[in-house]
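An overview of the molecular structure
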Amino acid sequence: MDEMLLLTRITLVCLICCSLVSSGLACGPGRGYGRRRHPKKLTPLAYKQFIPNVAEKTLGASGRYEGKITRNSERFKELTPNYNPDIIFKDEENTGADRLMTQRCKDKLNSLAISVMNQWPGVKLRVTEGWDEDGHHSEESLHYEGRSVDITTSDRDRSKYGMLARLAVEAGFDWVYYESKAHIHCSVKAENSVAAKSGGCFPGSASVILHDGRNKLIKDLNPGDKVLAADEQGNLVFSDFMMFIDKDPESRRVFYVIETEEPHKQIALTAAHLLFVADSNATAGFHSIKAAFASKVKPGQRVFINEGVGSQVKPVAVKRIYLEEYEGSFAPVTAQGTIVVDQVLASCYAVIEEHRWAHWAFAPVRLSYGVASLLFSKDHLITNSTVQDGGVHWYSNALYQLGTWVLDKGSFHPLGMSINSS
């Protein structure tokens, strides 16, 4: 038994290596899954515009204020100095305070510094305000937590500031505001914030339908369970649950709750998770379907539901979308690559807005699971499955790293970039 399981795992590793090689071969010119997209055109922000279009200290942006950090407070250890030579720090207090920030803020700032140099050769990013220990900002400012910075370009050319704001958005700041004609304000979520963690998941309270008609909570799924899904034609089928690619039963996260018109259904999923939708003006049918990040779904678009009758999913209009916190987050993968969660059809994949690419990338997992299911009983699959105790599965991490090498950054959801910390 153990020898056969080892052989299966060796086969899986070999197949992964083959998939990596084939992905690399497909990166050149011409058709292929690995073809690079043309760089998207960047639009400068307008004066007083902020992205996302919600208040800074809300769950959809940088999240709530968590309290002022002083040099004597326990939380001071959350701040880390930034000595990036490609960033100019004004540091008018001459205390080094502007260099202190949270790790998340530091990561986004360093990424932005590279973008600035690429956009304007010879120009550097300049920070005019960082962590504030002197009370110079408004009450509950995120500057007091090292979670926000005010920035300009080193040449202080104000005609560049609209594009600088756009570059900050692309760098992954959680809230960017063209606040003043003299600077751009950027902020991030707290390091321990539920909103800072994304990846692609459903809450633990979400349920699926088993082959025998029973409902089962996603968090209780075991390898070999047959759950309701849909094929490429929208036909309802039952598919084997194989593994969790992300599993965190204890933490709380922010989910997008997408609610439909009659018949009333709702599904909760993280911002970077893929949901199947069709445009409001699309003709009825499954052929017009596309996969979209949950954060991009709009009221009026169609999602696809299981009404409990018939053999196909049915389109229904989205009524409203809102954010809500739930406990636990789980990302199940089925052999079909789709899953019906709380009666709504969703993809099993996230982070990259290409369901077909993601499904193709998991072919080695399907093959390995298929071989193991032929050789072993369901009980053995549960005991010796590729499901890990918690966190992001190593295979997902490997694919993510590969994707960052062969695809441009615009191919990924901004919040999906934090998947390694999930």
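See the structure shown above.
Just so we're clear, the structure is a prediction, and the values are computed from it rather than from any experiment.

Enumeration according to the criterion identifies 15 salt bridges in this entry. When the shortest N-O distance is used, the salt bridge between K160 and D157 registers 3.0 Å. For the salt bridge of E259 with R320, the shortest nitrogen-to-oxygen distance reads 3.2 Å. With E259 in strand 12 (residues 236-260) and R320 in strand 17 (residues 314-334), this residue pair connects regions lying 61 residues apart in the sequence. Residue class for E259 comes out buried when judged on its relative accessible area of 7%. Judged by relative accessible area, R320 falls into the partly exposed class, the value being 42%. Through salt bridges with shared partners, one network takes in R75, E78, E145 and R147.

Right, let's talk about the packing of aromatic side chains for a bit. Considering all chains together, one arrives at 9 aromatic pairs under this definition. Ring centres 5.6 Å apart and planes at 85 degrees place the aromatic pair F50 and Y177 in the edge-to-face group. On the criterion of sequence distance, the pair formed by F50 in strand 1 (residues 50-51) and Y177 in strand 7 (residues 175-180) is long-range, its members being 127 residues apart. On the basis of relative accessibility, which here comes to 17%, the residue Y177 falls in the buried class. Three or more aromatic residues link up through ring pairs in this structure, and these residues are F50, W175 and Y177. The residue whose ring lies beneath K68 is Y144, and the NZ or CZ to ring-centre distance is 4.9 Å.

Our focus in this paragraph is the side chain of S62. Its location among the elements puts S62 in the loop between strand 1 and strand 2 (80-81). Taking the relative accessible area as the measure of exposure, S62 reaches 0% and is therefore buried. Here the side chain of S62 touches S187 through a polar contact of 2.8 Å, side chain to side chain. In this view, S62 contacts E56, L142, R147, D174, W175, S187, V188, K189 and A190; residues no more than four positions away in its chain are not counted.

Take unusual backbone geometry next. Cis geometry marks the peptide bond from I51 to P52, where omega comes out at -5 degrees. Mapping P52 onto the fold places it in the loop between strand 1 and strand 2. With omega at -5 degrees, the peptide bond leading from E262 into P263 counts as cis. Counting through the fold element by element, P263 comes out in the loop between strand 12 and strand 13 (266-269). Despite not being glycine, D342 shows a phi value in the positive range, around 50 degrees. Here D342 is to be found in the loop between strand 18 (338-341) and strand 19 (344-350). With a relative accessible area of 26%, D342 lands in the partly exposed category.

Looking now at the pairing of strand 14 (residues 273-278). Counting buried residues along strand 14, 6 of its 6 residues qualify, which places the element largely inside the surrounding structure. Residues H273, L275 and V277 line one face of strand 14 and the alternating positions L274, F276 and A278 line the opposite face, and both faces are buried. Two elements, strand 14 and strand 15 (residues 290-293), share 4 bridges in a ladder whose sense is antiparallel. Considered in strand 15, the bridge of F276 is made with A291. Two strands pair when backbone bridges link them, and strand 14 and strand 16 (residues 302-305) are joined in this way by 2 bridges, in the antiparallel orientation. By the bridge assignment for strand 16, A278 is matched with R302.

Definitions and limits used
Residues numbered from 1 in each chain as written. Predicted model: local features only at pLDDT ≥ 70, side-chain atom pairs only at ≥ 80, totals over all residues. Heavy atoms only, no water. Salt bridge = Lys/Arg side-chain N within 4 Å of Asp/Glu carboxyl O. Helix = DSSP H or I, 4+ residues; strand = E, 2+ residues; numbered from the N terminus. Buried < 20%, exposed > 50% of the residue type's maximum accessible area, 1.4 Å probe, protein only. Phe/Tyr/Trp six-rings, centres within 6.5 Å; stacked < 30°, edge-to-face > 60°. Lys NZ or Arg CZ within 6 Å of the ring centre and 35° of its normal. Polar contact = N/O pair within 3.5 Å; in protein donor to acceptor, adjacent residues only side chain to side chain. Contact = heavy atoms within 4.5 Å. Pairing = 2+ DSSP bridges.

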